[in-house]
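Here's the letter readout for the chains.
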Amino acid sequence: MKLGVISDTHGDYINVKKAFDEIFYDADTIIHAGDILNHGPRNPIPDGYNPVKLADLLNNQPVPVHFAKGNCDSDVDTLMINNFIQAPYLFLVFEGIKIVVTHGDKNLDYLMELADNHADILITGHTHNYTIDKVNKFILLNPGSTSIPKNHPNGNCATIDIENSVISIYDITKNEIIAESKF
């Protein structure tokens, strides 16, 4: 089973479409860790900004798409997505691998404590910095941002290959793995 993981898309249609077509093409499900359509008042408008097309892309995926609500996700944004995005947290299980998802801007210390006892992977967003870190008993994964990355020149996303126990972070523009870890 392969999971596609994105966060902080901020209305960026172009990089998300490229990630779906070239990296997530064989994913069994997609996980979005929040900040879906709105660019937010402190962020520049991304080059590929088209929230209507992004909503259509997300709504028409052939696989399930799971969303955690981010700090830039407004009630109006939730009307554009045909899936539930009101919850700031998700708890998902795939082939016995327990995953907690949050945007990460609130209660992260509590969630890290929770994950240490109840999850294999904690997925966050918010910082726009990609990371894969082993923290006590779990992996902390932030896929970075597709639209406004802070620690890499190009947009990022991640995959979780459950069968091979590998998490990979990609440079979307180059379709190259830039970080990888076993779990």
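Up top is the structure these notes are about.
Keep in mind it's a predicted model, so treat the numbers as computed, not measured.

Draft legend 1. Looking closely at the pattern of salt bridges. Evaluation of the coordinates by the stated rule reveals four salt bridges. Taking the shortest distance from any N to any O, the salt bridge between Lys17 and Asp21 comes out at 2.8 Å. Taken together, the residues Lys17 and Asp21, both in helix α1 (residues 13-22) and four residues apart, mark about one turn of the helix. The exposure class assigned to Lys17 is partly exposed, which follows from its relative accessible area of 28%. A relative accessible area of 45% places Asp21 in the partly exposed class. The partner of Lys69 in a salt bridge is Asp75, and the shortest N-O contact between them spans 3.6 Å.

Draft legend 2. Region of the structure containing the sheet that holds strand β11 (residues 176-182). Strand order in the open sheet formed by six strands is β3-β2-β1-β9-β10-β11, with mixed pairing between adjacent strands. Each of the sheet's edge strands pairs with one partner strand only, and the pair in question is β3 (65-67) and β11. Averaged over neighbouring strand pairs, the angle between their axes works out to 20° when direction is ignored. Looking at chain direction, strand β1 (residues 2-6) and strand β9 (residues 156-161) are connected through four bridges and run antiparallel. Each residue of the ladder has a partner; that of Gly4, found in β9, is Thr159.

Draft legend 3. The pairing of strand β10 (residues 166-171), seen in detail. Within β10, six of the six residues are buried, which leaves the element mostly enclosed by the surrounding structure. Alternating residues of β10 divide into Val166, Ser168 and Tyr170 and Ile167, Ile169 and Asp171, and every residue in both groups is buried. Bridge count for β9 against β10 is six bridges, and the pairing is antiparallel. Each residue of the ladder has a partner; that of Ala158, found in β10, is Ile169.

Draft legend 4. Geometry of the pairing of β11. Both β10 and β11 contribute to a ladder of six bridges, which runs antiparallel. Looking across to β11, one finds that Ile169 is bridged to Ala179. Between β10 and β11, which pair antiparallel in sequence order, lie four residues; one of them, Asn175, sits at a positive phi of approximately 50°.

Draft legend 5. Fine view of the environment of Phe20. Here Phe20 lies in helix α1. By relative accessible area, Phe20 is classed as buried at 5%. For the pair Phe20 and Asp47, spaced 27 residues apart in sequence, the C-alpha separation works out to 18 Å. Leaving out residues up to four positions away in the same chain, Phe20 has contacts with Ile6, Tyr25, Ile30, Leu57, Leu58 and Gln61.

Draft legend 6. Region of the structure containing the side chain of Ser147. If you trace the backbone, Ser147 turns up in the loop between β8 (138-142) and β9. Its relative accessible area of 15% is what places Ser147 among the buried residues. A distance of 3.0 Å separates a polar side-chain atom of Ser147 from the backbone oxygen of Asp8. For Ser147, the side chain forms a polar contact with the main-chain oxygen of Thr9, separated by 3.1 Å. Apart from residues no more than four positions distant in its own chain, Ser147 is found in contact with Asp8, Thr9, His10, Asp12 and Pro46.

Draft legend 7. View of the layout of surface pockets. Computed from the structure, the largest pocket encloses a volume of approximately 150 Å³. Forming the walls of the largest pocket are Asp8, His10, Asp35, Gly40, Pro41, Arg42, Asn43, Asn71, Cys72, His126, His128 and Lys150. Classifying every residue of the lining of the largest pocket by side-chain character gives two nonpolar, six polar and four charged.

Parameters and conventions
Residues numbered from 1 in each chain as written. Predicted model: local features only at pLDDT ≥ 70, side-chain atom pairs only at ≥ 80, totals over all residues. Heavy atoms only, no water. Salt bridge = Lys/Arg side-chain N within 4 Å of Asp/Glu carboxyl O. Helix = DSSP H or I, 4+ residues; strand = E, 2+ residues; numbered from the N terminus. Buried < 20%, exposed > 50% of the residue type's maximum accessible area, 1.4 Å probe, protein only. Pairing = 2+ DSSP bridges. Axes fitted to C-alpha atoms, helices over the stretch in contact; angles between N-to-C directions. Contact = heavy atoms within 4.5 Å. Polar contact = N/O pair within 3.5 Å; in protein donor to acceptor, adjacent residues only side chain to side chain. 1 Å grid on protein atoms, 1.4 Å probe; cavity = no way out; pocket = protein on both sides within 12 Å on 5 of 7 lines; lining within 4 Å. Points joined across faces, edges and corners; volume = space filled by probe spheres on them. Nonpolar A, V, L, I, M, F, W, Y, C, P; charged D, E, K, R; others polar.

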